[in-house]
Amino acid sequence: MADKIDKKPSGLEDVVVCEQDICYIDGKRGQLVYHGYDIDDLCDHSTFEEVAYLLWNGKLPNQAELTAFHDSLFDAMTVPDAVFDVMRLLPKNTDAMRVLATAVSVLGTFDPQADDMSPEANRAKSLRLTAQMPMLTTAWYHISQGREPQPVTNPARGIAYNFLRTLTGEEPDNYTVRTFDVALILHADHELNASTFSGRVTAGTLSDLHSAVVAAINTLKGPLHGGANEAVMKMLRDIGEVDKAEAYVQNMVANKQKVMGFGHRVYKAKDPRAVILEEMSEELSKRTGDTKWFDMSRKVEATFQPYVAAKGIYPNVDFYSASTYHMMGIPDDIFTPIFACSRVIGWTAHIMQQYQNNRIFRPSSDYDGPQNLKWSPIEQRS
Ligand code: SDX
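Just so it is clear, the model here is predicted, and its values are computed rather than measured. (Residues numbered from 1 in each chain as written. Predicted model: local features only at pLDDT ≥ 70, side-chain atom pairs only at ≥ 80, totals over all residues. Heavy atoms only, no water.)

Novice: Mind showing me how you'd approach the side chain of His-225 here?
Specialist: Within the secondary structure, His-225 is located in the loop between α10 (209–220) and α11 (228–239). Take His-225: its relative accessible area is 15%, and that puts it in the buried class. Contacts of His-225, omitting those with residues within four sequence positions, involve Asn-193, Ala-194, Ser-195, Thr-219, Leu-220 and Asp-318. (Helix = DSSP H or I, 4+ residues; strand = E, 2+ residues; numbered from the N terminus. Buried < 20%, exposed > 50% of the residue type's maximum accessible area, 1.4 Å probe, protein only. Contact = heavy atoms within 4.5 Å.)

And the structure:
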């Protein structure tokens, strides 16, 4: 057989697989746009719920539309007890993203519209998953520690508030709620990233919406994608102290190790989400007085950046989200499920558009294996 050519796979770089009007990214300028609205504008003025409406409907809601949307979303903030029963059966040390994928699959078995592929049913299922996944995430945090899930006490306060309230069992302060709300806006969509593409591929076979979201959750789990935020926090903990960051990073560079939270297939400038998360992390560090994690992150960036700027490698969304979530009191192992709780908006927006204008995805490959070999009996094989 010809020596295998050690060619770096393309990873579908720059390959256009669909048209969509949901999200635009300018990688050179570091710009992110949801249906025409710049992410900075949405973070300054909007809420996660309003952005969800925008991504699904292609326009910002008027007051009547937003009120009706809120009511339907908050009414859906319930999870069948049987789903929690299944979660209680799982080993307590199960990865939270594996639990989330499992729980969403189980939700599909209880959803009366699971196999209804009408646009109305898909919209209703998208809304239910958006309301339920945050509750699945905080429920697992408690179940994994042998406690009962915290009940939703005030659905009308919205997803950010109810996530924090059901996570800690305590009343979250308004600044933390707003910071978390902005973090959810920042993670809501990002064009054809790996997990969204995975959801589209699954939807492209006309499999149902729950199945497409489960595919997306399992894709986001990887440390090269959504799992990077937990990997960044692990790195910061490994570094331990601010004054050890420089030597730690220089050692990673010397060993040609990838620094998690840096680099992006599209951005060749600083990820605009990282810019906002950095500001939030700095503000939280001042408000909490716990400046270690922000200072350490800044030191990692200052040390690493000069080595890789020429390659267009900058901090991405996962780098400063780690310290931001940590300072909001969020446990490391639910950082990535939080990413999924936000990105379910983008996934379902793309999945619904895939259903509306679908052709099954079936790329090709260059075959570089042998040809015309003859079968031989096993006793004749060397
Ligand atoms: C997300 O696509 C999206 O939009 C994703 C996302 C979203 O919102 O959905 O933005 C969310 O997934 C952000 C990325 C989170 N992942 C990480 O932080 C993991 C670390 N980053 C890398 O693994 C990498 O940068 C990727 C996976 C993000 C991008 O991979 P690419 O585009 O395939 O780039 P590559 O691996 O081919 O790297 C190109 C060069 C290589 O060097 P050479 O072999 O050319 O010499 O850049 C180097 C890489 O070694 N490089 C890094 C690096 N990232 C790339 N070197 C050190 N540290 C890094 N983090």
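Novice: Please explain the environment of Ala-203 as it appears in this structure.
Specialist: Looking at the element boundaries, Ala-203 is found in helix α9 (residues 194–204). Of the residues examined, Ala-203 reaches a relative accessible area of 0% and is grouped as buried. When the C-alpha positions of Ala-203 and Val-275 are compared, they lie 33 Å apart, and in sequence the two are 72 residues distant. When near neighbours in sequence (up to four residues on either side) are disregarded, Ala-203 contacts Ala-212, Ile-351, Gln-354, Tyr-355 and Asn-358.

Novice: Help me understand the site of the ligand, please; the structure alone is not making it clear to me.
Specialist: The ligand sits among 23 residues. The nearest are His-190, His-264, Arg-265, Arg-273 and Arg-343. In this structure, His-225 approaches the ligand through a side-chain N or O atom, which is 2.9 Å from an oxygen atom. A distance of 2.9 Å separates a nitrogen atom of the ligand from a polar backbone atom of Phe-262. Burial of the ligand by the protein amounts to 74% of the accessible area it has alone, namely 1100 Å². Class assignment for the residues of the shell around the ligand results in 9 nonpolar, 7 polar and 7 charged. (Near = heavy atom within 4 Å. Polar contact = N/O pair within 3.5 Å; in protein donor to acceptor, adjacent residues only side chain to side chain. Areas by Shrake-Rupley, 256 points an atom, 1.4 Å probe, with all protein chains shown as cover. Nonpolar A, V, L, I, M, F, W, Y, C, P; charged D, E, K, R; others polar.)

Novice: I tried to follow the sheet that holds strand β3 (residues 37–38) on my own but got confused; where do I start?
Specialist: Strand pairing within a sheet occurs via backbone hydrogen bonds; the two strands may be parallel or antiparallel. Pairing is antiparallel in the open sheet, where 3 strands are placed in the order β1-β2-β3. Looking at strand neighbours, the two that pair on one side only are β1 (23–26) and β3, the edges of this open sheet. Examined bridge by bridge, strand β2 (residues 31–34) and β3 share 2 bridges and lie antiparallel to one another. Paired with Val-33 across the two strands is Asp-38, which belongs to β3. (Pairing = 2+ DSSP bridges.)

Novice: Just to check I follow, could you spell out α10 for this structure?
Specialist: Every α-helical turn comprises 3.6 residues, leaving residues that sit three or four positions apart pointing alike. For α10, which comprises 12 residues, the first-to-last C-alpha distance of 16 Å matches the rise-based estimate of 16 Å (1.5 Å per residue) to within 8%. Judged by how many residues are buried, α10 sits mostly within the fold: 9 of 12 residues are covered. Listed as buried for α10 are Leu-209, His-210, Ala-212, Val-213, Val-214, Ala-215, Ala-216, Ile-217 and Leu-220. Looking at the packing, one finds that the buried side of α10 touches α5 (96–110), α6 (119–143), α9 and α16 (335–356). Capping the start of α10, Asp-208 holds a side-chain oxygen 3.1 Å from the backbone nitrogen of His-210, two or three residues further along. (Expected span 1.5 Å × (residues − 1).)

Novice: What exactly am I supposed to notice about helix α8 (residues 174–187) here?
Specialist: Its 14 residues give α8 an end-to-end C-alpha distance of 20 Å, which sits within 8% of 20 Å, the value for a rise of 1.5 Å per residue. Burial within α8 is extensive, with 11 of its 14 residues counted as buried. Three or more residues of α8 are buried, namely Thr-176, Val-177, Thr-179, Phe-180, Asp-181, Val-182, Ala-183, Leu-184, Ile-185, Leu-186 and His-187. Where α8 starts, the residue carrying a side-chain oxygen 3.0 Å from the main-chain nitrogen of Tyr-175 turns out to be Asp-173.

Novice: What should I look at first to understand the pairing of β1 in this one?
Specialist: Consecutive side chains of a regular strand alternate in pointing toward one face of the sheet and then the other. Two elements, β1 and β2, share 4 bridges in a ladder whose sense is antiparallel. Bridge assignment links Cys-23 to a residue of β2, and that residue is Tyr-34. Taken together, β1 and the strand that follows it, β2, pair antiparallel across an intervening segment of 4 residues, in which Gly-30 is found at a positive phi of about 65°.

Novice: Please explain the nonpolar core as it appears in this structure.
Specialist: Most often, soluble globular proteins keep nonpolar side chains buried together rather than apart. Core analysis: the largest hydrophobic core is formed by 107 residues, its most contacted members being Tyr-34, Met-133 and Leu-136. Sort the elements by how many residues they give to this core and α16 lands first, with 12 residues. Not counting residues up to four positions away in its chain, the partners in contact with Leu-136 are Val-79, Val-83, Phe-84, Met-87, Leu-100, Ala-103, Val-104 and Leu-107. (Core = buried A, V, L, I, M, F, W, Y, C linked by side-chain atoms within 4.5 Å.)

Novice: Teacher, can you tell me more about the pairing of β2 here?
Specialist: What you see with β2 is no split at all: Gln-31 and Val-33 on one side and Leu-32 and Tyr-34 on the other are buried throughout. Here β2 folds back onto β3, and the loop between the two strands holds 2 residues, one of which, His-35, carries a positive phi near 45°.

Novice: What is the right way to look at empty space enclosed by the protein in this model?
Specialist: If a probe as big as a water molecule is rolled over the atoms, it shows which places are left empty. Across all of its chains, the model carries 2 cavities of 30 Å³ or more by this definition. If you trace the largest cavity, you find it lined by Met-87, Ala-96, Val-99, Leu-100, Ala-103, Leu-136, Thr-137, Trp-140 and Pro-337. The set of elements that each furnish at least two residues to the lining of the largest cavity consists of α5 and α6. Among the elements that take part in the lining of the largest cavity, α5 stands out by supplying 4 residues, more than any other. Here the residues of the lining of the largest cavity sort into 8 nonpolar, 1 polar and no charged. Taken as a whole, the second largest cavity encloses approximately 30 Å³ of empty space. (1 Å grid on protein atoms, 1.4 Å probe; cavity = no way out; pocket = protein on both sides within 12 Å on 5 of 7 lines; lining within 4 Å. Points joined across faces, edges and corners; volume = space filled by probe spheres on them.)

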